[in-house]
Amino acid sequence: MREILIRHSALRLHSRNAAVMIRPILQLGNPALRKKSVPVQEFNWDLKCLADDLEDTLTDAKQRYGYGRGIAAPQIGELKRVVFIDTPDFRSVLVNPTITTLSPATFEVWDSCFSFDVSFFVLVDRLWNIKVDYVDLKGNRQALEAKGDLSELLQHEVDHLDGVLATDRMKNKKAIMVRVEWEKAFKPK
Ligand SMILES: [Zn+2]
């Protein structure tokens, strides 16, 4: 009995599930958002904790903002090449993702970001069809082909790993709308 209790308490000590870790999201103007993140070399406990923090922070932000399908590690101040995607069709942590263009076709997207406090949207061009090579949390290589919504989301998140923000990709100086105007014009009813 005693041994079981001890093992249980040891498990609790090492269980990251006991606490939800919502991290502050860095905002436009913070220099860390402009830095290039470094590739992950070790698939260890620290990486698992970072992945859990990204998941908790995205889940919280989705509830607060009413938007959001992805988050990148530099947005919570960790300059590592890790993103977490959470859409109805695809949900995963992507480590060291790299994008390959499958077609030159592009499309226009009104894009926003938690790091803009989702207070405005900018019009950008994104590639329609891409392939993303990445490594999963277990260290296994994976490949994903994405089109449309998922494609532009992945491009947005991988941009974060290179210190690039959606505002850098604005089609022109007028391609910007505050959230309330964007919602009037485009939000699905
Ligand atoms: Zn973003």
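Residues numbered from 1 in each chain as written. Predicted model: local features only at pLDDT ≥ 70, side-chain atom pairs only at ≥ 80, totals over all residues.

Notes on the overall build of the chain
Then step 1. Of regular secondary structure, the chain possesses 4 helices and 8 strands.
Then step 2. Along the chain, helices and strands appear, N-terminal first, in the series α-α-β-β-β-β-β-β-β-α-β-α.
Then step 3. Projecting the C-alpha coordinates of the chain onto the three principal axes gives extents of approximately 70 × 35 × 35 Å.
Then step 4. Buried residues in the chain amount to 28% of all 189 residues.
Then step 5. Put simply, of all contacts in the chain between residues at least 6 apart along the chain, 68% involve residues at least 24 apart. (Helix = DSSP H or I, 4+ residues; strand = E, 2+ residues; numbered from the N terminus. Buried ≥ 20, exposed ≤ 12 C-beta atoms within 10 Å, placed from the backbone. Contact = placed C-beta atoms within 7 Å.)

Here's the deal with the nonpolar core
Then step 1. Ranked by internal contacts, the top residues of the largest apolar core, which has 32 residues, are L54, I71, A73, V82, V83, F84 and L94.
Then step 2. The set of elements that each furnish at least two residues to this core consists of α2 (45-65), β1 (70-72), β2 (82-86), β3 (91-101), β5 (120-127), β6 (129-135) and α3 (148-161).
Then step 3. When residues no more than four places from it in sequence are discounted, the contact partners of L54 are I71, A73, I76, V82 and F84. (Core = buried A, V, L, I, M, F, W, Y, C linked by C-beta atoms within 7 Å.)

Description of the sheet that holds β5
Then step 1. Reading across the sheet, the 3 strands line up as β4-β5-β8 and stay open at both edges, with antiparallel pairing between neighbours. Because the sheet does not close on itself, it has two edges, and the strands there are β4 (106-111) and β8 (176-178). With strand direction ignored, the average angle separating the axes of adjacent strands in the sheet is 30°.
Then step 2. Pairing geometry for β4 and β5, over 6 bridges, is antiparallel. Bridged to W110 within β5 is L123.
Then step 3. Across the sheet, α3 is in contact with β4 and β5; its angle to β5 comes to roughly 105°.
Then step 4. Against the sheet, helix α4 (residues 179-186) touches β4, β5 and β8, its axis set at about 100° to β8. (Pairing = 2+ DSSP bridges. Axes fitted to C-alpha atoms, helices over the stretch in contact; angles between N-to-C directions.)

Some words on the pairing of β5
Then step 1. Here β5 runs beside β8; their pairing, made up of 3 bridges, is antiparallel. Bridge pairing in β8 places F121 opposite M177.

Remarks on the sheet that holds β1
Either a parallel or an antiparallel arrangement is found when strands of a sheet pair, and the pairing is made through backbone hydrogen bonds.
Then step 1. If you trace the 5 strands from one edge of the open sheet to the other, you get β1-β2-β3-β6-β7, paired in antiparallel fashion. Two strands close off the open sheet at either side, each with one partner strand: β1 and β7 (141-147). Direction aside, neighbouring strands of the sheet carry axes that sit 40° apart on average.
Then step 2. Bridge count for β6 against β7 is 7 bridges, and the pairing is antiparallel. Directly across from I130, in β7, lies its bridge partner A146.
Then step 3. Each of β1, β2 and β3 is contacted by α2, which is oriented at about 40° to β2, the strand it contacts most.

Some details on the environment of V178
Then step 1. Position of V178 relative to the elements: it lies in strand β8.
Then step 2. For the pair V178 and S119, spaced 59 residues apart in the sequence, the C-alpha separation amounts to 6.0 Å.
Then step 3. The contacts of V178, once residues within four sequence positions are left out, are S119 and F120.

Quick word on α3
Then step 1. Here α3 is 14 residues long and its end C-alpha atoms lie 21 Å apart, about the 20 Å a rise of 1.5 Å per residue gives.
Then step 2. Positive backbone phi, approximately 75°, marks G163, located one or two places after α3. (Expected span 1.5 Å × (residues − 1).)

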